[in-house]
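# Inside the fold
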Amino acid sequence: MNSISVENEKQGCSSAVKLQSGWNRPGVCGLDNSGNSCYLNAVLQCLCSSVPLVEHLLNQDTRNELGRSKCRVAGMFVRLLEEMWLGRSSSCAPVEARSVLCSILPQFNNYSQQDAQELLLFLLNALHDDLKKVAKRQMHSSRRQPRQDQNSNCASAAGESSTIVSHLFEGQLGYMTLCMHCNHQTHSTQTFTVLSLPIPTDIIKCSIQDCLSLFFEQTILTRGEQMLCSVCGMRRETAVRTCLDKPPEILMLHLKRFGCKGKNQVKLRTNVVFSMRLNLSPFLSSSVQNTSYSSYRLYAVVNHTGHLHMGHYTALCHNALTQTWHCFDDSAIREVPDSLVQSPNAYVLLYSRKRFQKPKIHGL
Ligand SMILES: [Zn+2]
């Protein structure tokens, strides 16, 4: 099993109060560990507390539509969310989630630990693909039977390639390149789901703003990295500036704790300090600078304790109904005060631009 160092345990959940049984906390549901699956459980908890995603997937129309289609990942996820939000149980076993993942991804089939951030991306991509299929079906059927109420939430006016997943989690980075010889500028963009932030090395403590500054800092490409300048007609030293062209509704930040020191793989234990609010305005491109985009609220954290290959994942999630934080350590749940959310174990942070309201879920 996974080891949890005593030292880290102290910083995590130990000072919190163990919750009583006799359960009536929708969305607060532990997940049994089926053998090294803490990384899966931690990721599922974060998605389970992403209220707009949950509301969309547990919407009656979406449920009906998914029931008719062969969307394994979305179907599995909806059934799990139903259990976690409507099941009235303090824990459940994500058996189907695991078996679906194993059938799609061979690397999940053994009992070794996987990276939570990679799994989070994989799950969101698979969910997005499934929902695209559903949207396509809806478009086809609505063309055959024109209806008055085209308020269907999957096939929106944004087209078949947009889903609730891309709507919530996708942002856009802008890259401005400058030829250092002739000052010729170019601009390109790239969509992203997670920002993987470097951690400043050789210090024991820094802030999340420091990591963001490092990510967005201007870089000069020299030697082998020089870019081809269309005006000069040759490779030149190039300055590259990155900024946020489109901040996402939900911002996911991944701290690059697993890196290399020489030939050795290491885990960086730098205490990256963060608070409940995050201001992104220093990193926005000028076109979105004056909008209300820049302020985010923290609502979930994936923590990693222990070593590089022998660690343990837990999740801290804010519940929109109780307005309190809970620590999910597989099937064990503890309520934690806001002051204990920040810890040196943070690995993935999830922020929302809007404060989550009480979830509107049929049957809640
Ligand atoms: Zn040039």
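Below, the structure is looked at part by part. All figures in this text were calculated on a predicted structure; none of them were measured in a lab.

### So, the sheet that holds strand β11 (residues 238-246)
Spatial ordering of the open sheet is given by β5-β4-β11-β8, a layout of 4 strands whose pairing is antiparallel. The open sheet is flanked by β5 (185-192) and β8 (219-221), the only strands paired with a single partner. Averaged over all neighbouring strand pairs, the angle between strand axes comes to 30 degrees, with direction disregarded. Pairing of β8 with β11, which is carried by 3 bridges, proceeds in the antiparallel orientation. From the neighbouring strand, T219 faces β11, where its bridge partner is V240. This element, helix α9 (residues 208-216), spans β4 (171-179) and β11 of the sheet and lies at about 125 degrees to β11.

### Quick look at the nonpolar core
Grouped together as the largest cluster of nonpolar side chains are 63 residues, with contacts concentrated most on L47, L53, F77, L123, L127 and F169. Beyond its immediate sequence surroundings of up to four residues, L127 is in contact with L53, L57, V73, A74, F77 and V165. In terms of nonpolar packing, the next biggest core, distinct from the first, is built from 32 residues, L244, L253, V301 and W325 among them.

### Notes on the packing of aromatic side chains
Under the criterion given, the structure shown has 5 aromatic pairs. With a centroid separation of 5.2 Å and 65 degrees between ring planes, the pair formed by F258 and Y347 is classed as edge-to-face. Linking F258 in strand β13 (residues 258-261) with Y347 in strand β21 (residues 346-352), this pair joins segments that are 89 residues apart in sequence. Assessed through its relative accessible area of 1%, Y347 is described here as buried. Following the ring pairs from residue to residue traces out a cluster consisting of F215, F216 and F283.

### Some thoughts on the pairing of strand β12 (residues 250-255)
Where burial is concerned, most of β12 is hidden: 6 out of the 6 residues are buried. Of the two faces of β12, the one lined by I250, M252 and H254 and the one lined by L251, L253 and L255 are each fully buried. Where strand β6 (residues 194-197) meets β12, 4 bridges bridge the pair, whose relative direction is parallel. Bridge pairing links V194 to M252 in β12. With 5 bridges connecting them, β12 and β21 associate as antiparallel partners. Among the inter-strand pairings, I250 is bridged to a residue of β21, identified as S352.

### Considerations on the coordination of the zinc ion
Each angle at a metal carrying four tetrahedral donors should ideally be 109.5 degrees, and each at a metal carrying six octahedral donors should ideally be 90 or 180 degrees. Looking at the zinc ion, one finds its protein donor set to be C179 (SG), C182 (SG), C229 (SG) and C232 (SG), positioned 2.3 Å from the metal centre. If you look at the zinc ion, its 4 donor atoms make angles of 106 to 113 degrees with each other, and the shape they trace is tetrahedral. One chain supplies every donor to the zinc ion, and in sequence these donors are spaced C-x2-C-x46-C-x2-C. Of this pair, C179 sits in strand β4 while C229 sits in strand β9 (residues 227-229), and the two are 50 residues apart along the sequence. On the basis of relative accessibility, which here comes to 5%, the residue C229 falls in the buried class.

Each value, and the rule that gives it
Within any chain, residue numbers begin from 1 and follow the written order of that chain's sequence. Totals for whole chains, interfaces and linings use every residue, but because this is a predicted model, local features are given only for residues with pLDDT of at least 70 and side-chain atom pairs only at 80 or more, for both listing and counting. To obtain the side-chain values, all non-hydrogen atoms of the structure were used and water was disregarded. Being paired, for any two strands, means DSSP has found at least two bridges between them. The numbering of helices and of strands both runs from the N terminus, where a helix is a DSSP run of H or I of at least 4 residues and a strand a run of E of at least 2. Angles shown run from 0 to 180 degrees and are taken between the N-to-C directions of axes, each axis being a line fitted to C-alpha atoms and, for helices, limited to the stretch in contact. Working rule for contacts: check all heavy atoms of both residues, and any pair within 4.5 Å makes them a contact. By convention a nonpolar core is built from buried Ala, Val, Leu, Ile, Met, Phe, Trp, Tyr and Cys residues, the set being connected through side-chain atoms within 4.5 Å. Relative accessibility under 20% of the residue-type maximum defines a buried residue, over 50% an exposed one, and the middle range a partly exposed one, all with a 1.4 Å probe and only protein chains included. For Phe, Tyr and Trp, rings pair up if their centres lie within 6.5 Å, where Trp contributes its six-membered ring, and each pair is then called stacked (planes under 30 degrees apart), edge-to-face (over 60) or tilted (otherwise). For Na, K and Ca the donor cut-off is 3.2 Å, and for all other metals it is 2.8 Å, counting N, O and S atoms only; because water is absent from this set, sites may look incomplete. Any coordination sphere not matching a tetrahedral pattern (four donors, all angles between 85 and 135 degrees) or a square planar or octahedral pattern (four or six donors, opposite donors over 155 degrees apart, other angles between 65 and 115) is reported as irregular.

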